[in-house]
Amino acid sequence: IAARTYASTTTISSSSSDTKAAAICDPTIESYQKGSNKIHIIGTAHVSSVSAQLAGAAVKEIKPAAVFIELDPQRINRAFRNGRITQAVNIVFFAESKGQVTMRMAKLYPQDFEKKSKGLFQVLEKMRIQNPIQEMYEGLEAQGITPGEEFVTAVEEGLQNNSIIILGDRPMDITLKRIAKALFFDTDLKKLAEADEIITNKMKDRVPELQEWERQMNESGQQTKELSPEEFSIFVERLKTKETTMALMNEVKKAAPALYEALVGERDVFMGRAMDSTASALLPSLIPSGLRTMVSVVGLGHVEGIGRELISMGWSKFTPANCR
């Protein structure tokens, strides 16, 4: 929420992670097991080059039977570089109608996907109402920063390994309707504004450079600051920890619980159940014997909730042998 104050006009150029080390041991990865099935969940920041590199390295290292990503068919263009499929791809996705969720499979062939708004975004555009999320993505892309690059790298490495690609997020149009309902009917905007200020202060505590950047903005009279590659990397990587992410999200949860549930909580449950069903039902049918492993790439803010859902369905958290 508060991060909208700062704009970047540069790409991230450096990595702070050592990809020569076992990728599976990265602190942003949590591992779960049920029987012979294993799921490794990578928590990412959608504008972090480090997250993108880790996702690709982990899939390459683990060679999973399936790669699960936090996307749905309505955002399928973001799963492939430049929105283009260059080879036949087997995908699994989930459809939701009247509260019923069904798993579906499809084979995609080389094609291009249009980058266009759908659902509520489309309505906002027709009404000429500002769409800050779409504007943020378009602004980042215009400057060479690709939000969701970790999905692309995970899919690319997965296809090299003949992994099944799973689009496991809740359909976007349903999520947007739930968000709209929460905002318009169930959210105290004053409390949300207060949470915004609290989040800003917590971000300043974790990234002291923000105060200096803010001072520079005030002195120059600018509304936004153009961050250098180093500054942008500092901002993203300092905030990209489980503790920081949960602290910030808990403020949203306290101020606007209905909004939090629509944006995060309900999707945690949806994706957790999608992981369980594909790992426990689909993969055994495709791989009758042997180890069945999945790598899941999701935003860091979803890792804890998905983990709780998996545990409720009989999964156990574990530490991979080479990380002990």
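Please read these numbers as outputs of a predicted model, since none were measured by experiment.

### Thoughts on the overall build of the chain
The secondary structure content of the chain amounts to 11 helices and 12 strands. Classification of the 324 residues of the chain by burial places 50% in the buried group. With an accessible surface of roughly 16200 Å², the chain has 51% of that area assigned to carbon and sulfur atoms.

### Here we look at the packing of helix H6 (residues 189-206) against helix H9 (residues 242-255)
Relative orientation of the contacting elements H6 and H9 amounts to 165°, with a least axis distance of 8 Å. Judged on the interaxial angle alone, H9 and H6 are roughly antiparallel. Taken as a pair, H6 and H9 cross one another with a handedness that is right-handed. For the pair formed by H6 and H9, the contact residues are Lys191, Leu192, Ala195, Ile198, Ile199, Lys202, Met203 and Arg206 on the first element and Thr244, Ala247, Leu248, Glu251, Val252 and Ala255 on the second. The residue inventory of the contact of H6 with H9, partitioned by class, reads nine nonpolar, one polar and four charged.

### Re unusual backbone geometry
Positive phi values are uncommon outside glycine, yet lysine 98 reaches one of about 50°. Note on placement: lysine 98 falls in the loop between strand S6 (89-97) and strand S7 (100-108). Its relative accessible area of 84% is what places lysine 98 among the exposed residues. A positive phi angle is found at asparagine 162, which is not glycine, with a value near 60°. Summarising the element assignment, asparagine 162 is placed in the loop between helix H4 (149-160) and strand S9 (164-167).

### Some words on the nonpolar core
Counting 30 residues, the largest nonpolar core has Ile42, Ile69, Phe80, Ile91 and Val297 as its most contacted members. Among the elements of the structure, helix H1 (49-62), strand S4 (66-69), S6, H4, S9 and strand S11 (292-299) are those that each provide at least two residues to this core. Broken down by element, the residue count for this core peaks at six residues, all from H1. In this structure, Ile41, Phe68, Phe94 and Leu283 belong to the second largest nonpolar core, which totals 24 residues.

### With respect to the sheet that holds S4
Spatial ordering of the open sheet is given by S7-S6-S9-S4-S11-S3-S2-S12, a layout of eight strands whose pairing is mixed. The two strands at the open ends of the sheet, each matched to only one other strand, are S7 and strand S12 (316-318). Ignoring which end each strand starts from, the neighbouring axes of this sheet average 25° apart. Across eight bridges, the pairing between strand S3 (residues 37-44) and S11 is parallel. The residue bridging histidine 40 from the neighbouring strand is valine 295, located in S11. Sheet contacts for helix H11 (residues 300-312): strand S2 (29-34), S3 and S11; angle to S11, the most-contacted strand, approximately 140°.

### Some points on a nonpolar patch on the surface
Side chains of Leu183, Phe184, Phe185 and Leu189 sit close together on the surface and give an oily, nonpolar patch of about 490 Å² of accessible area. The greatest single-element share of the nonpolar patch, amounting to three residues, is contributed by helix H5 (residues 172-185). Note that leucine 183 resides in helix H5.

### Let's talk about the state of the cysteines
Following the criterion strictly, the structure yields one disulfide and no others. Between the sulfur of cysteine 25 and that of cysteine 323 lies a disulfide, 2.0 Å long from S to S. Between cysteine 25 and cysteine 323, the disulfide has an S-S torsion of -90° and is therefore left-handed. On the criterion of sequence distance, the pair formed by cysteine 25 in the loop between strand S1 (7-8) and S2 and cysteine 323 in the segment after S12 is long-range, its members being 298 residues apart. In this structure cysteine 25 comes out as partly exposed when scored by relative accessible area, which is 31%.

### What about the pattern of salt bridges?
Side-chain pairing between opposite charges can occur once the charged atoms of the two side chains come close. In total, this model carries 16 salt bridges according to the counting rule given. A salt bridge links lysine 181 to aspartate 186, with the nearest nitrogen and oxygen atoms 3.2 Å apart. A relative accessible area of 40% places lysine 181 in the partly exposed class. Look at aspartate 186 and you get partly exposed, because its relative accessible area is 39%.

### Looking at the environment of isoleucine 199
Looking at where isoleucine 199 falls in the secondary structure, it is placed in helix H6. A C-alpha to C-alpha distance of 9.6 Å links isoleucine 199 and asparagine 250, two positions 51 residues apart in sequence.

### Examining the pairing of S3
Residues in a regular strand point their side chains to alternate faces of the sheet. Buried residues dominate S3, accounting for seven of its eight residues. As judged from the six bridges shared by S2 and S3, these two strands associate in the antiparallel manner. Residue pairing in the sheet places isoleucine 29 in a bridge with isoleucine 42 of S3. Between S2 and S3, which pair antiparallel and follow one another directly, the connecting turn spans two residues, one of which, glycine 35, has a positive phi of 65°.

What counts, and at which threshold
- Residues numbered from 1 in each chain as written.
- Predicted model: local features only at pLDDT ≥ 70, side-chain atom pairs only at ≥ 80, totals over all residues.
- Heavy atoms only, no water.
- Helix = DSSP H or I, 4+ residues; strand = E, 2+ residues; numbered from the N terminus.
- Buried < 20%, exposed > 50% of the residue type's maximum accessible area, 1.4 Å probe, protein only.
- Areas by Shrake-Rupley, 256 points an atom, 1.4 Å probe, with all protein chains shown as cover.
- Axes fitted to C-alpha atoms, helices over the stretch in contact; angles between N-to-C directions.
- Parallel < 35°, antiparallel > 145°, perpendicular 65-115°, else oblique.
- Left-handed = near helix turned anticlockwise from the far one by under 90°.
- Contact = heavy atoms within 4.5 Å.
- Nonpolar A, V, L, I, M, F, W, Y, C, P; charged D, E, K, R; others polar.
- Core = buried A, V, L, I, M, F, W, Y, C linked by side-chain atoms within 4.5 Å.
- Pairing = 2+ DSSP bridges.
- Patch = residues over 30% accessible without salt bridge, like charges linked within 9 Å, V, L, I, M, F, W, Y side chains within 5 Å.
- Salt bridge = Lys/Arg side-chain N within 4 Å of Asp/Glu carboxyl O.
- Disulfide = S-S within 2.5 Å.

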